[in-house]
Amino acid sequence: MLFVLGGNGTHAGANAIHNECRKRRLKVAVVGVPKTIDNDILLMDKTFGFDTAVEEAQRAINSAYIEAHSAYHGIGIVKLMGRSSGFIAMHASLASGQIDICLVPEVPFNLHGPHGVLRHLKYLLETKGSAVVCVAEGAGQNFLQKTNAKDASGNIVLGDIGVHLQQETKKYFKEIGIPADVKYIDPTYMIRACRANASDAILCTVLGQNAVHGAFAGYSGITVGICNTHYVYLPIPEVISYPKVLDPNSRMWHRCLTSTGQPDFI
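Residues numbered from 1 in each chain as written. Predicted model: local features only at pLDDT ≥ 70, side-chain atom pairs only at ≥ 80, totals over all residues. Heavy atoms only, no water.

K.L.:
How would you summarise the overall build of the protein chain if you had to cite specific residues and measurements?
P.N.:
Secondary structure summary: the protein chain contains nine helices and eight strands in total. Its C-alpha atoms give the protein chain principal-axis dimensions of roughly 70 × 40 × 30 Å. Within the protein chain, the fraction of its 266 residues that count as buried is 47%. Nonlocal contacts in the protein chain, meaning residues at least 24 apart in sequence, comprise 72% of its contacts between residues at least 6 apart. A total of about 13,400 Å² of accessible surface is found on the protein chain, and carbon and sulfur atoms cover 53% of it. Within the protein chain, the 22 negative side-chain charges are centred at a point lying 6 Å from the centre of the 24 positive side-chain charges. (Helix = DSSP H or I, 4+ residues; strand = E, 2+ residues; numbered from the N terminus. Buried < 20%, exposed > 50% of the residue type's maximum accessible area, 1.4 Å probe, protein only. Contact = heavy atoms within 4.5 Å. Areas by Shrake-Rupley, 256 points an atom, 1.4 Å probe, with all protein chains shown as cover. Lys, Arg positive; Asp, Glu negative; His and termini not counted. Charge placed at Lys NZ, Arg CZ, Asp CG, Glu CD.)

Shown next as structure tokens:
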């Protein structure tokens with residue numbers, strides 16, 4: 001029996017091992033357990049690690065909030081993980097209630113111009129005196145130079161939107177002659193490497209138990225997960241065909257927009 005824990009890339013590897021075992025007629029059960037903080041695996045309500053990531057992200061957001069509100073014209077920028085999906089950024093923004101602008105990969109935006117992010121930041125400083133921005137790492141990649149470089153997992157290396165947003169914000173306010181104190185926080189690996197909270201610990205335990213049950217029952221090439229509130233077995237090829245992304249027309253995203261009060265940046 002082989003149990004493989006991870007996200008889409010790891011599950012793709014597990015599927016390749018399963019196919020090779022079938023090809024060689026080996027009696028090996030290959031079962032996946034979805035573990036990714038990005039919550040971007042198809043057909044699953046939630047993956048192990050997501051709740052903990054959202055909870056930990058709020059600490060960074062609260063730090064940015066305190067820094068921004070403690071300074072004259074303070075702006076706090078927090079970059080969170082999320083290569084192709086903005087679930088962590090959206091849920092952390094909604095949970096904290098301290099975010100004024102939430103930027104995710106699924107929703108395009110402009111930095112400059114009359115409807116851009118920077119113009120709205122100026123409005124926030126004029127009306128509130130401070131602002132807090134939450135940005136997912138995969139957002140705004142069209143503003144950054146593409147290198148076509150890939151990491152060890154085969155993923156395209158992303159440009160740093162957090163640093164770019166920080167630099168553009170400082171430059172913008174300097175040009176228009178308005179003082180702005182910009183603080184940038186990147187808690188990426190502090191969030192990824194922290195201890196699982198109670199909710200994730202229970203989820204992981206149940207997923208692990210179900211994975212073992214599935215292997216003993218003779219299943220292979222499957223993964224376990226929660227689908228529509230039920231624990232289920234799913235064929236690995238069905239969940240790795242492409243990443244799950246945030247729906248900009250979903251109620252949850254609209255709830256986030258209501259919480260932040262941000263306009264469309266187009």
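Moving on, there is more to tell.
K.L.:
Let's hear about the sheet that holds strand β3 (residues 74-80): which residues, and what values?
P.N.:
Judged by pairing direction, the sheet is parallel, and its four strands sit side by side in the order β4-β5-β3-β6 without closing on themselves. Two strands in the sheet have a free side with no partner beyond their single neighbour: β4 (101-103) and β6 (181-185). Ignoring which end each strand starts from, the neighbouring axes of this sheet average 15° apart. One ladder, built from five bridges, connects β3 with β6; its direction is parallel. (Pairing = 2+ DSSP bridges. Axes fitted to C-alpha atoms, helices over the stretch in contact; angles between N-to-C directions.)

K.L.:
Let's hear about the nonpolar core: which residues, and what values?
P.N.:
Among the nonpolar cores identified, the biggest contains 28 residues, and L80, I88, C102 and W253 are the most heavily contacted of them. Going through the elements one at a time, α2 (50-69), β3, α3 (87-96), β5 (130-136) and α9 (251-260) are the ones with two or more residues in this core. With eight residues, α2 is the largest single contributor of residues to this core. In this view, C102 contacts A89, M90, S93, C134, W253, C256, T260 and Q262; residues no more than four positions away in its chain are not counted. Judged by nonpolar contacts, the second largest core, of 22 residues, contains V117, L118, Y172 and F173. (Core = buried A, V, L, I, M, F, W, Y, C linked by side-chain atoms within 4.5 Å.)

K.L.:
Would you mind going over the packing of aromatic side chains in detail, with residue names and values included?
P.N.:
One pass over the structure, following the stated rule, counts three aromatic pairs. Between Y172 and F173, the ring centres sit 5.2 Å apart and the planes meet at 80°, which makes this aromatic pair edge-to-face. A residue is classified by how much of its surface remains accessible, and Y172, at 13% relative accessible area, is buried. Among the residues examined, F173 registers a relative accessible area of 2% and is labelled buried. A cation sits over an aromatic face here: K244 above F87, 5.2 Å from the ring centre. (Phe/Tyr/Trp six-rings, centres within 6.5 Å; stacked < 30°, edge-to-face > 60°. Lys NZ or Arg CZ within 6 Å of the ring centre and 35° of its normal.)

K.L.:
Describe the pairing of strand β2 (residues 30-34), naming the residues involved and giving the relevant values.
P.N.:
Across the five residues of β2, five count as buried, placing the element largely inside the fold. Across the two faces of β2 the burial is the same, with V30, G32 and P34 and V31 and V33 all buried. Where strand β1 (residues 2-6) lies against β2, five bridges are found, and the strand directions are parallel. Within β2, the residue paired with G6 across the bridge is P34. At this point the chain moves from β1, through helix α1 (residues 8-23), to the parallel β2, and the crossover so formed is right-handed. (Right-handed = clockwise from strand over helix to strand, strands pointing away.)

Functional significance is not addressed by these values, which are geometric in nature.
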